[in-house]
Amino acid sequence: MNDTTAIEPLSDDPAENLDRFIVEAMELGCVWGLQGPDGWALSASEDHDEVDVMPFWSQESFARGHCVDDWKDYHPVPVDLEEFLEDWLPGMHEDVLLVGINWNEELDGEEMEPLDLLEEFEAEMGE
C-alpha cells in the first residue's frame, strides 16, 4: 500500500461520513478537533435551539479545512480515541453538547448525542 495516496474527500452522505469517522478513528487511534484562543470550536446546532455542537473529524486534513472565517485562529488537535470515548463523550453529554461528525466544507453532517456516538463505537468494536 502506498502511504502517499491522497485522502478521499468526505461524502455528501452524512451516514457514510459517520461510518468513515468510526472506522478511521479506530485505525488512527485518534479524532481531530479544533482548538483556538477561546478553547474548542463550537457551532450552534442546526436542529436543536440553544444547544452547541463540538465538531470532530477522522482526518487532520478534514479538520484543517475548517480553519477559516470564524475559526481562522484555530488549529487541528488530535484527541486520543480512548480518551475521547471514556472522557470526552460522557463529559459532553453532561455539558449538554452535541458532537458533530466529519462535517464537510459546508458544515453539513451528523449532529449526535455523545452517548449515541459512544454506542456506535462500542457496536463497531464488538463490545
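Shown above is the structure to which this text applies.
Everything numeric here is computed off the predicted structure, so don't read it as measured data.

## Some remarks on the overall build of the chain
- Across its full length, the chain holds 4 helices and 7 strands.
- By the burial criterion, 43% of the 127 residues in the chain qualify as buried.
- A separation threshold of at least 6 residues defines the contact pool for the chain, and within that pool the share at least 24 residues apart is 68%.
- For the chain, the exposed surface amounts to about 7500 Å²; the carbon and sulfur share of it is 44%.

## Section: the pairing of strand 4 (residues 52–56)
- Taking burial as the measure, the 5 residues of strand 4 include 4 buried ones, the bulk of the element.
- Pairing of strand 3 (residues 43–44) with strand 4 involves 2 bridges; the strand directions are antiparallel. Counted as the bridge partner of Ala44 is Asp52 from strand 4.
- Where strand 4 meets strand 6 (residues 97–101), 5 bridges bridge the pair, whose relative direction is parallel. Residue pairing in the sheet places Phe56 in a bridge with Ile101 of strand 6.

## Digging into helix 4 (residues 114–125)
- If you check helix 4, its first and last C-alpha atoms are 17 Å apart, about what 12 residues at 1.5 Å a residue would give, namely 16 Å.
- Taken as a whole, helix 4 has its buried residues at Pro114, Leu117, Leu118 and Phe121. Looking straight down helix 4, one finds its buried side chains confined to an arc of 105 degrees; they lie on one side. In this structure, helix 4 carries Glu119 and Ala123 as exposed residues pointing more than 90 degrees from its buried face.
- Contact partners of the buried residues in helix 4: helix 1 (14–28), helix 3 (81–94), strand 6 and strand 7 (110–112).
- The opening residue of helix 4, the one whose side-chain oxygen lies 2.8 Å from the backbone nitrogen of Leu115, is Glu113.
- With its phi angle positive at about 75 degrees, Gly126 sits one or two positions after the end of helix 4.

## As for the nonpolar core
- Counting residues in hydrophobic clusters, the biggest one holds 21 residues, and the most contacted among them are Phe21, Phe56, Phe84, Val99, Leu117 and Phe121.
- Listing elements by their share of this core, those giving two or more residues are helix 1, strand 4, helix 3, strand 6 and helix 4.
- Looking at which element gives the most residues to this core, the answer is helix 3, with 6 residues.
- Non-local contacts of Phe56, meaning those with residues more than four positions away in its chain, are made with Phe21, Val31, Trp32, Gly33, Val79, Phe84, Trp88, Met92, Val99, Gly100, Ile101 and Asn102.

## A word on the sheet that holds strand 1 (residues 30–36)
- On the basis of which strands lie adjacent, the open sheet formed by 3 strands has the order 2-1-5 and antiparallel pairing. Of all strands in the sheet, those with a lone pairing partner are strand 2 (39–40) and strand 5 (75–80), marking the two edges.
- Sheet analysis places strand 1 next to strand 2, joined by 2 bridges and oriented antiparallel. Bridge pairing in strand 2 places Gly36 opposite Gly39.
- Its contacts with the sheet put helix 3 on strand 1, strand 2 and strand 5, and the angle it makes with strand 5 is roughly 80 degrees.

The rules behind these values
Residues numbered from 1 in each chain as written. Predicted model: local features only at pLDDT ≥ 70, side-chain atom pairs only at ≥ 80, totals over all residues. Heavy atoms only, no water. Helix = DSSP H or I, 4+ residues; strand = E, 2+ residues; numbered from the N terminus. Buried < 20%, exposed > 50% of the residue type's maximum accessible area, 1.4 Å probe, protein only. Contact = heavy atoms within 4.5 Å. Areas by Shrake-Rupley, 256 points an atom, 1.4 Å probe, with all protein chains shown as cover. Pairing = 2+ DSSP bridges. Expected span 1.5 Å × (residues − 1). Arc of directions from axis to C-beta. Polar contact = N/O pair within 3.5 Å; in protein donor to acceptor, adjacent residues only side chain to side chain. Core = buried A, V, L, I, M, F, W, Y, C linked by side-chain atoms within 4.5 Å. Axes fitted to C-alpha atoms, helices over the stretch in contact; angles between N-to-C directions.

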